Amino acid sequence: IDFTQPAANNLALLRGGAGKTSGTLYDKMVVMPGAWQAPAGTLTCSSDASILASAVSVWVAQAASWTQLEKYSIVNIANEWGPSNSTVWRDSYVSAIAQLRAAGYHATLSITSGGCGQDNADLVSYAKAVFDSDPEKNVIFDRHVYGGDADVTALSNDAASLASLGLPIIFGEFGPGRSIGPSPTNLTPAEVIQTAEESGFGWMAWAWDDNDLASAQADNDWFALSYKGAYASSPDLTMYGQQVVEGCTNAAPG
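Residues numbered from 1 in each chain as written. Predicted model: local features only at pLDDT ≥ 70, side-chain atom pairs only at ≥ 80, totals over all residues. Heavy atoms only, no water.

Caption draft 1: The packing of helix α5 (residues 120–133) against helix α6 (residues 152–163), seen in detail. One can describe the packing of α5 onto α6 by two numbers: an axis separation of 9 Å at closest approach and a directional angle of 15°. Relative to α6, α5 is oriented roughly parallel. The crossing of α5 and α6 is left-handed. Contacts between α5 and α6 pair Asn 120, Leu 123 and Val 124 from the former with Asp 158, Ser 161 and Leu 162 from the latter. (Axes fitted to C-alpha atoms, helices over the stretch in contact; angles between N-to-C directions. Helix = DSSP H or I, 4+ residues; strand = E, 2+ residues; numbered from the N terminus. Parallel < 35°, antiparallel > 145°, perpendicular 65-115°, else oblique. Left-handed = near helix turned anticlockwise from the far one by under 90°. Contact = heavy atoms within 4.5 Å.)

Caption draft 2: The arrangement of empty space enclosed by the protein in detail. Using the criterion set out here, one finds 1 cavity of 30 Å³ or more in the structure. Within this model, the largest cavity holds a volume of roughly 60 Å³. Of the residues belonging to the lining of the largest cavity, the class tally is 8 nonpolar, 3 polar and no charged. (1 Å grid on protein atoms, 1.4 Å probe; cavity = no way out; pocket = protein on both sides within 12 Å on 5 of 7 lines; lining within 4 Å. Points joined across faces, edges and corners; volume = space filled by probe spheres on them. Nonpolar A, V, L, I, M, F, W, Y, C, P; charged D, E, K, R; others polar.)

Caption draft 3: Fine view of the layout of surface pockets. Considered as a void within the structure, the largest pocket measures approximately 1300 Å³ in volume. Taken together, 34 residues form the lining of the largest pocket, with Gly 23, Met 29, Trp 206, Ala 207 and Trp 208 sitting closest to its centre. Mapped onto the lining of the largest pocket, the elements with two or more residues apiece are α1 (7–15), β5 (139–145), β6 (169–174) and α8 (239–245). For the lining of the largest pocket, the per-class residue count stands at 19 nonpolar, 11 polar and 4 charged. If you trace the second largest pocket, you find 14 residues lining it, with Glu 80, Tyr 146, Glu 173, Pro 182 and Trp 206 closest to the centre.

Caption draft 4: Main features of the state of the cysteines. Enumeration over the complete set of coordinates arrives at 1 disulfide. Between the sulfur of Cys 45 and that of Cys 116 lies a disulfide, 2.0 Å long from S to S. Between Cys 45 and Cys 116, the S-S dihedral sits near 135°, and the bridge is therefore right-handed. Here the residue Cys 45 occupies a position in the loop between β2 (41–42) and α2 (49–61), and Cys 116 occupies one in the loop between β4 (108–112) and α5, the gap between them amounting to 71 residues. (Disulfide = S-S within 2.5 Å.)

Here is the structure:
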């Protein structure tokens, strides 16, 4: 969500806008508005509690707008914010939940682990306290899977620790593997999906389109699942997209 825009602009995008864009509420999708930027700075990979607090202040100020959609949405408070294995992560999110509930939010709240979303210890050590702080007990916890897990054995061990919590967990981001991106890993999409499903976790692949080329196009060199944001048949999907959407097991599908 771009907090520099009026809330009405953001809501219109999620509802489908004038053109009734696919992948929105108009298309019967559950939307997940999330904050990457806050008035005080970038949330992603930040450990500064004041930056998270500034994002929460915007959610609170715009509550009358966002609660219009909450029946159909999951509110992702902040993307990949927080220190690793830290009571600061715990206490900051306990405060954030209290503020959002007091402002009138009843939506499911999604909370991502610290350490750029990849820290297992925040969740293992403190997710229960964060969950219990919510009077509505309506929180899911999001662990991102990139280079923090060297291989499927490491991921399976981390997933087992998370599963033992008995809390709602998702792998809310993972990429194509093949050592692509700023936190590279060779974990395949199939390995991540299989681990999630064996552990009882939800999962979402990042991202449907990434526009890494001009004119809103994409290729196989970054994180897009689709070449142009549309899908009618296999050729519309990247290698990554064919693996995730169609279950293709070929490492380099056509």
